[in-house]
Amino acid sequence: VIDCVIKNNYAGGTFSLCGGMQASTTGDILIENTVFSGNELIATDWTSASALALGGFASTSGKFTISNCLFENNRCFGTADKTVLLDCYDDIEINNSTFVDNSSTYTLSLIRNHIDFHNNILRNDCNYEIILSDHSPWGYISEIDISHCNIQGGQNAIYNQNNVNIINWLDGNIDEDPLFDSLGTHPFALLEGSPCIDTGTPDTTGLFLPPWDLLHNERIWDGDGNGVAIIDMGCYEYGAPPVVGIEYPIIEIIDEINLSNYPNPFNPETKIVFNLPEEGNVKLDIYNIKGQKVKILLDCYMSPGRSEMIWNGKDDNGKRVSSGVYFYQLVTDKKTITPKMILIK
């Protein structure tokens, strides 16, 4: 999910899991340059979240990555309420995202395995900014690495349930007023003098960030004018100019789905792109030439807009498939499309 706005959705009732976006898949999930705003949920289960719920009962075997995203003014009420739930059998990575003015018991609920948490801002109306739940009876111990983040309440804002998980509180973390531009067009951008300017991770190698921030401005910029360009905390880069020479993806609501993939033929992976004209249920599956389903890429309720999914040439069991012809089928509430692609080795 890239360059999307998921806004002003509401859910409530016995089987409601998320006000904004909920997804489960056996593959990797990437959410980048996306805004979650004004979503509300009456929570009835620990798998519920107001803005974003990934995994839950149908946890994935892939990796969750969230970068350059804004979560603001989402509301969750009820049982074990939270703004974001990430329940993953593989690793979780959250970089350069801003979580602000959300209301819930927990802002982030992170479950299972290793979590990288860098360059984020968390300033919310909550009991704890982060909860690491106790899943040791099922054989899971979470370990989180936190560095260069501005977290309201500092280390005390992290709830390690029953103290069974591992919290690595690393360099660069602060608890200071981020000085948001509350009167500007983008109210959670940084003002001059913000302690979040040029105080992100000095070396961004391995963070896999795009070259732009949430506004498609330069992602790493010398915001304090000392001659050294260092990434800022949060989803906005202070004082940075627009990235030039790059064709930005354009989000627009259109009547056609325009399903395609590239490259095609491909090896080892291909990107599947489509436009969703209106919100609804969406399924995206991969089939082999015999019509056998080999991979579930997407099965969720989605807001309208442009979306991208990457297929890495592996089946639902994590095994690489053989070369040949495959079909990717997109099923919405109103249409089914099944184009062809070729995997070469």
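Preceding this paragraph is the structure being described.
Residues numbered from 1 in each chain as written. Predicted model: local features only at pLDDT ≥ 70, side-chain atom pairs only at ≥ 80, totals over all residues. Heavy atoms only, no water.

### A word on the packing of aromatic side chains
How two aromatic rings sit relative to each other is set out by the distance from centre to centre and by the angle between their planes.
Next up, step 1: Tallied over the entire structure, the rule returns 8 aromatic pairs.
Next up, step 2: Judged by centre distance (4.6 Å) and plane angle (0°), the rings of Phe36 and Phe71 are stacked. Note that Phe36 is positioned in strand S5 (residues 35-37) and Phe71 in strand S9 (residues 70-72), a separation of 35 residues in sequence. For the residue pair Phe36 and Phe71, the accessibility class agrees, reading buried in each case. (Phe/Tyr/Trp six-rings, centres within 6.5 Å; stacked < 30°, edge-to-face > 60°. Helix = DSSP H or I, 4+ residues; strand = E, 2+ residues; numbered from the N terminus. Buried < 20%, exposed > 50% of the residue type's maximum accessible area, 1.4 Å probe, protein only.)

### Observations regarding the pairing of strand S13 (residues 98-103)
Next up, step 1: Among the 6 residues that make up S13, 5 are buried, leaving the element largely enclosed by the rest of the structure.
Next up, step 2: Bridge analysis of S9 against S13 gives 3 bridges, and the strand direction is parallel. Each residue of the ladder has a partner; that of Leu70, found in S13, is Thr98.
Next up, step 3: Alignment of S13 against strand S16 (residues 121-125), held across 4 bridges, turns out to be parallel. Each residue of the ladder has a partner; that of Ser103, found in S16, is Asp125. (Pairing = 2+ DSSP bridges.)

### Some thoughts on the pattern of salt bridges
Any two side chains of opposite charge can pair, so long as their charged atoms come close to each other.
Next up, step 1: The tally for this structure, following the rule as stated, stands at 5 salt bridges.
Next up, step 2: Two residues, Asp285 and Lys293, come together in a salt bridge whose shortest N-O distance is 3.6 Å. (Salt bridge = Lys/Arg side-chain N within 4 Å of Asp/Glu carboxyl O.)

### Some points on the sheet that holds strand S24 (residues 260-262)
Across a sheet, strands are paired by hydrogen bonds formed along the backbone, either parallel or antiparallel in direction.
Next up, step 1: Spatial strand order, S24-S25-S28: 3 strands in an open sheet with antiparallel pairing. Either end of the sheet is taken by a strand with one partner, and the two such strands are S24 and strand S28 (305-311). Shown here is a sheet whose adjacent strand axes are inclined to one another by a mean of 25°, direction ignored.
Next up, step 2: Where strand S25 (residues 270-276) and S28 come together, 7 bridges link them in antiparallel fashion. Bridge pairing in S28 links Phe274 to Ser307. (Axes fitted to C-alpha atoms, helices over the stretch in contact; angles between N-to-C directions.)

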